[in-house]
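# Survey of secondary and tertiary structure
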Amino acid sequence: MTTDVVVVVEPATSSGQTSTASRRAAGRSRGGSWRRLAFGLLGLILTAAVWQLVSYVKGDPVILPSVQRTASTFWEYLSQPYPAVQGKTLWQHALVSGGRILAGWAAGVVIGVAVGGVMASVSFVRHLLDPLIEITRPLPPLAFIPLFIVWFGIGETPKFLLILIGVVPVMIIATVSALDAVPTELVQAGRSLGASPLWALLTVRLRSALPPIITGMRLAMGGAWTSIVAVELIAATSGLGYVINNAGVNLQTPLVLSGILAISVLGIVFDGLLRLLHRFADPTTR
Amino acid sequence: MTLTQGLPVSTAARPAVELIGVKKHFTGRSRRAPKRVALDGFDLTVRPGEFLCLLGPSGCGKSTLLNMLAGFTQPDRGQVLTDGEPVTGPGPDRGVLFQTPMLFPWLTTLDNVLYGPRARHELTAETRRRAVELLETVGLADAHDAFPHELSGGMRHRAAFARVLVNRPRLLLMDEPFGALDAITRVAMQRFLLHLWQREQITIVFVTHDVEEAALLGDRVCVMSGSPGRARAVIEVDLPRPRSIEDTETLEFVQLKRRIREALEDDH
């Protein structure tokens, strides 16, 4: 009996299909990624070349230092404190900024997902909060800096809150739209296979919404970096934003560029980790 | 066939599905929109082990009917019974196959099949063995670790079959499951379904808007009228089993198709 059915559905053809399909997919992605890497590197090298050319033509390290001067400054301040008295190394400044980002972002993600989850399931909460989010969303968090300094001083609290208010609306919107996009039938499929309502909510609805929520986390992370640097420009004695601002006031352009470089490296690292998480959550992108 | 012998005698006597005076309407989106009556006093009985096709134009309430049998929605009035018990909610005793396979894209084929047992906290080595066996039966022995997006359309449908069958349902509810497939794959899936049904002796309620599909697959074809949905005619299909796609070229089949089509087009 069993063999009958197998013969009928032609397993040989079907399995042949899978292996060719997966082989083709693998080939495409591998070849594509090498190409992408090569072009990406080329873009970076071209940018550095233009930079070098401009700095050579200008001949003024305050306006634009050369690539190797910037690189050596970066290297130097990895171990040397800035400012020289009671200062921190670039590493430590980066740790301070990174810590602030992570704290505000993580809290914002938790709040955003929780509020978004409730909004997606309870319609009156959604109607209640929707206008509020629409009003606050276009406001740049930086507009609140003076207000927060008046309210909370220049300690860590206003910095944390500024990142938070940048992250929360992004995460709410990402969560609500991710949960809305889950097809009803997918949850029904889970229920009719014997899942309890709670089990289906956790293992189907939320699980299915996870990849777009992670994309929201990536966007929010980018927003967090913009606000943290702005905050540290105004009211801080440590952090990469502080380094950039202070070095700029003292016309230490190579150090300004080093600070910018450090931010972009940190940004790439954080985003890379989140992309890894996304890959893990969504097998179709593997 | 072994399955029917294992069933208690009492269930064989009861109808597998009973719909008695089922009414259902939907409220319109806006307050001014009139409420739409999807079903108005619908009666139907399905015998155990029967293959029943629900045929009708879109919007005649056939999917609503299936959703009520699955337990996703409740009727406004009337009774929905499976195996003599009123339907109160979704459950693994009634397997549902949707228009698209609705596999969980983050799970491998095997994990998709094991979702039901896991969700009910009934995953045993025996269930796992059965899942592997079922995947073999549906021709996916090599695709245990493949994700749904790596499978072809027909393979996804067969994986969805295995996911439902692992729960040993007594009733299969199918909502135009092959509508989105290309003609060649559809024929293969129809053949596959007939073999599966003959092997497992399961009751099937199959929704379709394709006259030929209904005539080829069903023991009876319930022809439904447009909104509000009512059973217009129930046509016995007396073609011999096992049937195959070649039967669609016989004179009896063509005559049967005409009878169904006439019932469909009656007083439109």
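Treat the numbers as computed from the prediction; the structure is a model and nothing was measured.

### Overview of the interface of chain A and chain B
Contacts between chain A and chain B engage 32 residues on the former and 39 residues on the latter. Elements that contribute at least two residues to the side of chain A that touches chain B include exactly α1 (2-8), α2 (11-58), α8 (184-192) and α9 (197-234) of chain A. Among the residues making up the side of chain A that touches chain B, the classes are represented as 15 nonpolar, twelve polar and five charged.

### Topic: the packing of helix α3 (residues 67-79) of chain A against helix α11 (residues 253-281) of chain A
Residues and elements named next belong to chain A. In contact at an axis separation of 8 Å, α3 and α11 are set at 75 degrees when each is read in the N-to-C sense. Between α3 and α11, the interaxial angle falls into the category roughly perpendicular. Between α3, through R69, T70, T73, F74 and Y77, and α11, the contact on the second element is made entirely by P254, L255, L257, S258 and L261. The residue inventory of the contact of α3 with α11, partitioned by class, reads six nonpolar, three polar and one charged.

### Here's the deal with the environment of B:V166
Residue and element names in this part refer to chain B. If you trace the backbone, V166 turns up in the loop between α7 (153-165) and β7 (171-175). Look at V166 and you get buried, because 24 C-beta atoms sit within 10 Å. Sequence separation between V166 and L55 is 111 residues, and the spatial gap between their C-alpha atoms is 28 Å. Excluding its chain neighbours within four sequence positions, the residues that come into contact with V166 are V113, G116, P117, T127, R130, A131 and L134.

### Quick look at the sheet that holds strand β5 (residues 85-86) of chain B
All names here are of chain B. The strand order β2-β1-β4-β5 describes an open sheet built from four strands, whose pairing is antiparallel. The sheet is open, and its two borders are formed by β2 (36-46) and β5, each paired with just one other strand. Bridge count between strand β4 (residues 77-82) and β5: two bridges; the pairing is antiparallel. Following the sheet pairing, T82 is matched in β5 by E85.

### As for the domain arrangement of chain A
Assigned domains of chain A: these are domain 1 (1-58) and domain 2 (61-285). On the side of domain 2 of chain A, five residues touch domain 1 of chain A, which itself brings six residues to the contact.

### Some remarks on the sheet that holds strand β6 (residues 94-97) of chain B
All names here are of chain B. One open sheet holds the six strands; their spatial order is β6-β7-β8-β3-β9-β10, and the pairing between them is mixed. Each of the sheet's edge strands pairs with one partner strand only, and the pair in question is β6 and β10 (231-236). The mean inter-strand angle of the sheet, taken between neighbouring strand axes irrespective of direction, is 15 degrees. With five bridges connecting them, β7 and strand β8 (residues 203-208) associate as parallel partners. Of the residues in β8, the one forming a bridge with L172 is I204.

### Observations regarding the pairing of β6(B)
All names here are of chain B. Burial along β6 is two-sided: the residues R94 and V96 and G95 and L97 are all buried. Relative to β7, β6 is paired through four bridges, and the arrangement is parallel. Considered in β7, the bridge of L97 is made with M174.

### Side note on the domain arrangement of chain B
Residue and element names in this part refer to chain B. Annotation of chain B at the domain level lists domain 1 (2-93 + 171-265) and domain 2 (97-168). Opposite the 14 residues of domain 1 that make contact, domain 2 presents 13 residues. Going through the elements one at a time, β7 and α8 (183-200) are the ones with two or more residues in the side of domain 1 that touches domain 2. Element by element, the count of residues in the side of domain 1 that touches domain 2 is highest for α8, at five residues.

Conventions adopted
Residues numbered from 1 in each chain as written. Chains lettered and ligands numbered in written order. Predicted model: local features only at pLDDT ≥ 70, side-chain atom pairs only at ≥ 80, totals over all residues. Contact = placed C-beta atoms within 7 Å. Helix = DSSP H or I, 4+ residues; strand = E, 2+ residues; numbered from the N terminus. Nonpolar A, V, L, I, M, F, W, Y, C, P; charged D, E, K, R; others polar. Axes fitted to C-alpha atoms, helices over the stretch in contact; angles between N-to-C directions. Parallel < 35°, antiparallel > 145°, perpendicular 65-115°, else oblique. Buried ≥ 20, exposed ≤ 12 C-beta atoms within 10 Å, placed from the backbone. Pairing = 2+ DSSP bridges. Domains from an automatic or database assignment.

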